[in-house]
Amino acid sequence: MTILVTGATASVGRLLVDELVAAGAPVRALTNNPKKAALPDHIEIAKGYLGKPETLPAALENIDTVYLAPLPAYVDDFVRCAQEAGVRRVVVLSGEPAEYEAQGDPAEWHYYKVERAIEAGRFAWTHLRPGQFMNNTLDWATSIKAENVVRAPYPAAVQTPIDLADIAAVARVVLLNERFTGQKLTMSGPEGLTAPQQVEFIAQAIGREVKFEELSPEQYLAIWTPIVGTETAQWLLDGFRMMAEYPMTPEPTVEALTGRPATTYRDWAIANADHFR
C-alpha cells in the first residue's frame, strides 16, 4: 500500500521521500509547492497541506500508512479525514519534549497534542521523538559571518543534537516495519555537546577562530522575544536551563534501527561549512 508523506517539502519530510524511494516503497507526497520540493519525477504527488483540511480527503484516498508532520492546530482535522479515508497506521514526527509536555497544562501541549490525538483516533501508531536538530545551529551563521562570534545562554547546557538525515532514516525503517507499532522512539545524535563545543567544531570546519559569548537570561529574552514571541522565547530559555541542570545523554536509536552510527556534529559541521563562511 502507498505511504503518504505529509510535509514533503519540509526538512525531514523531503529527505524521507528520498529514503522511501531508494527502498522501493510506493510513496505519495503531500506538498503545497511541488515545484519547490523538487520531488522525484516518478512519485505520486498530492497538492495540499495539513493546514488546509479540504485538501486531505483526496490526498488520503487509498492510503494505508501516513507519516505525519507535527501541526497541532489541525491534528483533529487530520484524524477525522484519516478515519473517513480508512487510514490504518500513522507514524508521527513528534519531539523529545512530548513527555515533559504531558505533565503540564494541556493548553501548552504541542508535540503531545498530536501524539494524544493519534492515539485517541485508534490508529496503529509510532511516535518519533528526536531532540535538538543540528540544523538549528544554522541560526548562528549570521553572527559567525559578521563577527566570528556565537552568543547563547547557559554554556554548560549539554544537548545531543541529531542530523535531519538520521531522523529520516529512522522514519523510513519504522514506516516499513510494523514491529515498532505502539512505541515512542526517542532519538539523538551520538554525543552530548555544549554550545561552546559545537562552536569549536564549526571553527575547525571553516578554518578560523569563532568565539563563544555567554548571554544572560535577560539578554537572551531581549533578543529573541521580538522574533519568536514571549512564550516561545521563555520556553527556549527554560530548555537551555534544564539542559544545564540535567545534561542530556545520547540515545542509541539511530544506530539500533538503521545499522549505522548516527552522524557526529563534527561531520555535520564539515558538510555544512559553507553556510558559515
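Up top is the structure these notes are about.
Note that the structure is predicted; figures quoted are calculated from it, not measured.

A. Here's a closer look at the packing of helix H4 (residues 75–85) against helix H6 (residues 111–120). In the contact formed by H4 and H6, the axes pass within 10 Å of each other and the chain directions differ by 20 degrees. When the axes of H4 and H6 are compared, the pair comes out roughly parallel. Between H4 and H6 the crossing geometry is right-handed. Of the residues in H6, those in contact with Val 75, Asp 76, Phe 78 and Val 79 of H4 are Lys 113, Val 114, Ala 117 and Ile 118. Per-class residue counts for the contact of H4 with H6 are six nonpolar, no polar and two charged.

B. Fine view of the sheet that holds strand S2 (residues 27–31). If you walk across this open sheet you meet the seven strands as S3-S2-S1-S4-S5-S6-S8, and the pairing is parallel. Of all the strands in the sheet, just strand S3 (44–47) and strand S8 (184–187) have a single pairing partner and so form its edges. Going across the sheet, the axis of each strand differs from the next one's by a mean of 20 degrees, ignoring polarity. With five bridges joining them, strand S5 (residues 89–93) and strand S6 (residues 124–130) adopt parallel strand pairing. Paired with Val 91 across the two strands is Thr 126, which belongs to S6. Against the sheet, H6 engages strand S4 (63–68), S5, S6 and S8, with an angle of about 170 degrees to S6.

Rules behind the numbers
- Residues numbered from 1 in each chain as written.
- Predicted model: local features only at pLDDT ≥ 70, side-chain atom pairs only at ≥ 80, totals over all residues.
- Heavy atoms only, no water.
- Axes fitted to C-alpha atoms, helices over the stretch in contact; angles between N-to-C directions.
- Helix = DSSP H or I, 4+ residues; strand = E, 2+ residues; numbered from the N terminus.
- Parallel < 35°, antiparallel > 145°, perpendicular 65-115°, else oblique.
- Left-handed = near helix turned anticlockwise from the far one by under 90°.
- Contact = heavy atoms within 4.5 Å.
- Nonpolar A, V, L, I, M, F, W, Y, C, P; charged D, E, K, R; others polar.
- Pairing = 2+ DSSP bridges.

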